[in-house]
Amino acid sequence: MSIRERVRAIFKELPSGVTLVAATKTRTVEEIQEAIEAGVKVIGENYVQEAAKKQMVLGRGVKWHCIGHLQTNKAEQAVRLFDLIQTLDSWKLAEELNKRAFKKGLILPVLVEVNSGREPQKSGVFPEDVLIFVEKLSRLSNLSVQGLMTMGPLTEKPEEVRPFFRLTKDIFTEIERKQIPGVKMQFLSMGMSDTWRIAVQEGANMVRIGTAIFGPRTTGQP
Ligand SMILES: *Cc1c(COP(=O)(O)O)cnc(C)c1O
């Protein structure tokens, strides 16, 4: 199957109201262009520099989301390049993004990344800390909290990640109920190529898919 056919097949199966984010790390602009021609409207990039290069060619007719871990020293570039940061995971990064967004006179949409598996080596806010973190973020003038994102642990069977998606959805609902001023819980970003169907069953309305669109990654780069 071609990229075009794979994108079409996913759109056919994806319930309406669920946003497809094409995870495009290491993919060429030609490959991404084919996905865009097949209807992809949101590009998820992991690295600032890679996003910058690709954006010069592909432009901003599509949305660009940051889905990789973001270092504080890349905040300025990130604010310039991305329409949404899905991986906000620390107060230090939040302050830096807020400062940069303020300087540019814009409000930056963000999702809080939840470390739903409480894995020490992974980034993301621990489940029990998410509500307080969101409350704190809501006081930053130039960030707009719009939901949550999670990866979940890398498991052997896709089904094993379900409880972590469910937990993240529960946190999402809890925060939604609090009606925190300035926080609009719109997006729950969960699920990748092997797990997006499970994620959608558990309430995801945004899925991040790479391999199932572009095929296995063959290049040695990150
Ligand atoms: C690479 C990546 C994906 C997509 O993973 P696939 O298994 O290739 O679909 C989703 N989310 C993040 C954060 C990624 O880095």
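Scroll up to find the structure this text is about.
Counting starts from 1 at the beginning of each chain's written sequence and moves along it residue by residue. Totals for whole chains, interfaces and linings use every residue, but because this is a predicted model, local features are given only for residues with pLDDT of at least 70 and side-chain atom pairs only at 80 or more, for both listing and counting. Excluded from the side-chain calculations are hydrogens and water; all other atoms, namely the structure's heavy atoms, are used.

Q: How should the pattern of salt bridges be read in this particular structure?
A: Any carboxyl oxygen of Asp or Glu that lies within 4 Å of a side-chain nitrogen of Lys or Arg is treated as forming a salt bridge with it. Under the counting rule described, the total for this entry stands at 15 salt bridges. Notably, a salt bridge pairs Lys-54 with Glu-45, separated by 2.7 Å at the nearest N-O pair. Glu-45 matches Lys-54 in its accessibility class, with the two residues each being buried. Across the pair Arg-60 and Asp-83 runs a salt bridge whose closest N-O atoms are separated by 3.1 Å. Linking Arg-60 in the loop between α3 (48-58) and β3 (63-66) with Asp-83 in the loop between α4 (75-81) and β4 (84-88), this pair joins segments that are 23 residues apart in sequence. Arg-60 sits in the partly exposed class, given a relative accessible area of 40%. Where salt bridges share partners, they join Glu-159, Arg-162, Arg-166 and Glu-202 into one cluster. For the exposure calls, accessible area comes from a 1.4 Å probe over protein chains only, and a residue counts as buried if that area is under 20% of its type's maximum, exposed if over 50%, partly exposed in between. By the criteria applied, helices consist of DSSP H or I runs no shorter than four residues and strands consist of E runs no shorter than two, each listed in order from the N terminus.

Q: Would you take a moment to explain the pairing of β4 for this structure?
A: Sheet faces and side chains relate simply in a regular strand, where the side chains alternate between the two faces. For β4, the buried fraction is high: 5 of the 5 residues fall into the buried class. In short, DSSP must find at least two bridges between two strands for them to pair. Pairing geometry for β3 and β4, over 2 bridges, is parallel. Opposite Cys-66, over in β4, you have Ile-85 as the bridge partner. Handedness is read with the strands pointing away from the viewer; a crossover is right-handed when the path from the first strand over the helix to the second is clockwise. Remark: the β3/α4/β4 crossover connection has right-handed handedness. Tracing the backbone out of β4, into helix α5 (residues 91-104) and back to the parallel element strand β5 (residues 108-114) gives a crossover that is right-handed.

Q: Please clarify how helix α7 (residues 162-178) should be interpreted in this entry.
A: Expected helix span is taken as 1.5 Å per residue step, with the number of steps being one fewer than the number of residues. Its 17 residues place the ends of α7 25 Å apart at the C-alpha level, agreeing with the 24 Å of an ideal helix rising 1.5 Å per residue. Where α7 is concerned, the buried positions are Arg-162, Phe-165, Thr-168, Ile-171, Phe-172, Thr-173 and Ile-175. Residues are treated as being in contact if the distance between any of their heavy atoms lies within 4.5 Å. If you follow the buried residues of α7, they end up packed against β5, α6 (130-137), β6 (143-150), β7 (187-190) and α8 (196-201).

Q: Honestly, the packing of helix α2 (residues 29-37) against α3 in this entry has me stumped. Any pointers?
A: Helix-helix packing is described using two parameters, namely the angle between the two axes and the distance between the axes. One way to put it is that α2 packs onto α3 with a least axis distance of 10 Å and a crossing angle of 55°. Here α2 lies oblique to α3, going by the angle between them. The chirality of how α2 crosses α3 is right-handed. Contact residues: Val-29, Ile-32, Gln-33 and Ile-36 in α2; Lys-54, Val-57 and Leu-58 in α3. For every element, the axis is a line fit to its C-alpha atoms; helices are fit only across the contacting stretch, and the angle between N-to-C directions ranges from 0 to 180 degrees. Roughly parallel here means an angle under 35 degrees, roughly antiparallel means over 145, roughly perpendicular means 65 to 115, and every remaining angle is called oblique. In this scheme the handedness of a crossing depends on how the near helix is turned from the far one: anticlockwise by less than a right angle means left-handed, clockwise means right-handed.

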